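Letter by letter, the chains look like this.
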Amino acid sequence: MKLTRQALLASLCLLAAVGAYLLTPRQLLADLEPVNLEQMVPQQFANWRALPQNDDVITSPEQEAFIKSIYSQVLSRVYVDDAGHRIMLSIAYTRDQSDNSGTQSHKPEICYPAQGFQIVSNQQQDLRVREGQWQIRHLVAARADRTEPITYWNMIGIQPAVTGTAIKKAQLYLGMQGVIADGLIVRISNISEDVADSFVIHSEFIEQLLHGMDAYGKKRIAGI
């Protein structure tokens, strides 16, 4: 028996609906591979140690409330080394990085201007450390009272991503497996007008941090 045109169209629509349903991610990666930032990130490694207070981290009550409404975990620490260098480490984690979740990671080049900073430099770089390599972004944020060099990258699942294209690609890769991507943003910064030297210190800090972490932590923090 031949299908009428209307019946054929109805069948195709039904198949499309079933296909869309089957391809819709439903399993959170956050449940499959849990993240606990406090446990994953060591308080002390190499010649760096976390200070008991983190007053140098730029926050305000309003920002804290906003951050907590987006992220399920936020780790903020200030580390100091034997030479007296201070590094601010901030890692913010969200369980659902999908486009319609309302909890996507917010980039520093958007957040810092809201705090009165001007982004005077924004460059994408390849970071190479002994643990591996991936793409990061170097920013320089400045206002009248301080200059803050910033190194950051996003993680979508276990994929580093600093561009919109890379983020979408990582989301799609997990989505094709029926998995909803989680995400985090890793930010390393310090207060210094010597930008070039600061980025060297950032790289050394990242390398030593990763060397002090276990394999699972390295995978979730940097995809290596």
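Notes on the structure in this doc start here.

## What about the nonpolar core?
In a soluble, globular protein the nonpolar side chains are often hidden away together inside.
Link 1 in the chain: Core analysis: the largest hydrophobic core is formed by 34 residues, its most contacted members being L89, I91, W134, W153, F205 and I221.
Link 2 in the chain: Broken down by element, this core gets its largest block of residues, 5 residues, from helix α7 (residues 195-211).
Link 3 in the chain: When residues no more than four places from it in sequence are discounted, the contact partners of W134 are Q125, D126, L127, V129, W153, P160, I206, L210, A222 and I224.
Link 4 in the chain: Listed in part, the 10 residues of the second largest apolar core include I70, Y112, A141 and Y152.

## Things to note about the pattern of salt bridges
Link 1 in the chain: Under the definition given, this model contains 7 salt bridges.
Link 2 in the chain: When the shortest N-O distance is used, the salt bridge between E33 and K219 registers 3.3 Å. Here E33, found in the loop between α2 (29-32) and α3 (37-40), pairs with K219, found in helix α8 (residues 215-222); they are 186 residues apart in sequence, far enough to count as distant.
Link 3 in the chain: Here E33 falls in the partly exposed class, since its relative accessible area comes to 22%.
Link 4 in the chain: Measuring nitrogen to oxygen at the nearest pair gives 3.1 Å for the salt bridge that ties K218 to E131. Remark: E131 occurs in the loop between β6 (118-129) and β7 (132-143) and K218 occurs in helix α8; sequence separation between them is 87 residues.
Link 5 in the chain: Judged by relative accessible area, K218 falls into the buried class, the value being 16%.
Link 6 in the chain: Note on E131: relative accessible area 22%, which makes it partly exposed.
Link 7 in the chain: What emerges from the salt-bridge pattern is a single network uniting E33, D182, K219 and R220.

## What to know about the packing of aromatic side chains
Link 1 in the chain: Applying the stated rule across the entire model yields 6 aromatic pairs.
Link 2 in the chain: Ring geometry for F45 versus Y79: centroids 5.3 Å apart, planes at 55 degrees, classification tilted. Here the residue F45 occupies a position in strand β2 (residues 44-45), and Y79 occupies one in strand β4 (residues 73-81), the gap between them amounting to 34 residues.
Link 3 in the chain: Taking the centre distance of 5.2 Å and the plane angle of 65 degrees together, the rings of Y112 and F117 count as edge-to-face. Comparing Y112 with F117, the two get one shared label, buried.
Link 4 in the chain: An aromatic cluster is defined as three or more aromatic residues linked by ring pairs; in this entry it consists of F45, W48, Y79 and F205.

## A few points about the pairing of strand β8 (residues 146-156)
Link 1 in the chain: Burial analysis of β8 places 11 of its 11 residues in the buried class, the great majority of the element.
Link 2 in the chain: Residues R146, E148, I150, Y152, N154 and I156 of β8 are buried on one face, and the alternating residues T147, P149, T151, W153 and M155, pointing to the opposite face, are buried as well.
Link 3 in the chain: Two strands pair when backbone bridges link them, and β7 and β8 are joined in this way by 7 bridges, in the antiparallel orientation. Considered in β8, the bridge of L139 is made with I150.
Link 4 in the chain: Taking the residues between adjacent antiparallel strands as the criterion, β7 and β8 are bridged by 2 residues.
Link 5 in the chain: The pairing of β8 with strand β11 (residues 183-189) spans 7 bridges and is classified as antiparallel. Its bridge partner lying in β11, Y152 is registered against R187.
Link 6 in the chain: Pairing geometry for β8 and strand β9 (residues 159-161), over 3 bridges, is antiparallel. Looking across to β9, one finds that M155 is bridged to P160.
Link 7 in the chain: Adjacent in sequence and paired antiparallel, β8 and β9 are bridged by 2 residues, among which G157 carries a positive phi angle near 65 degrees.

Conventions adopted
- Residues numbered from 1 in each chain as written.
- Predicted model: local features only at pLDDT ≥ 70, side-chain atom pairs only at ≥ 80, totals over all residues.
- Heavy atoms only, no water.
- Core = buried A, V, L, I, M, F, W, Y, C linked by side-chain atoms within 4.5 Å.
- Buried < 20%, exposed > 50% of the residue type's maximum accessible area, 1.4 Å probe, protein only.
- Helix = DSSP H or I, 4+ residues; strand = E, 2+ residues; numbered from the N terminus.
- Contact = heavy atoms within 4.5 Å.
- Salt bridge = Lys/Arg side-chain N within 4 Å of Asp/Glu carboxyl O.
- Phe/Tyr/Trp six-rings, centres within 6.5 Å; stacked < 30°, edge-to-face > 60°.
- Pairing = 2+ DSSP bridges.

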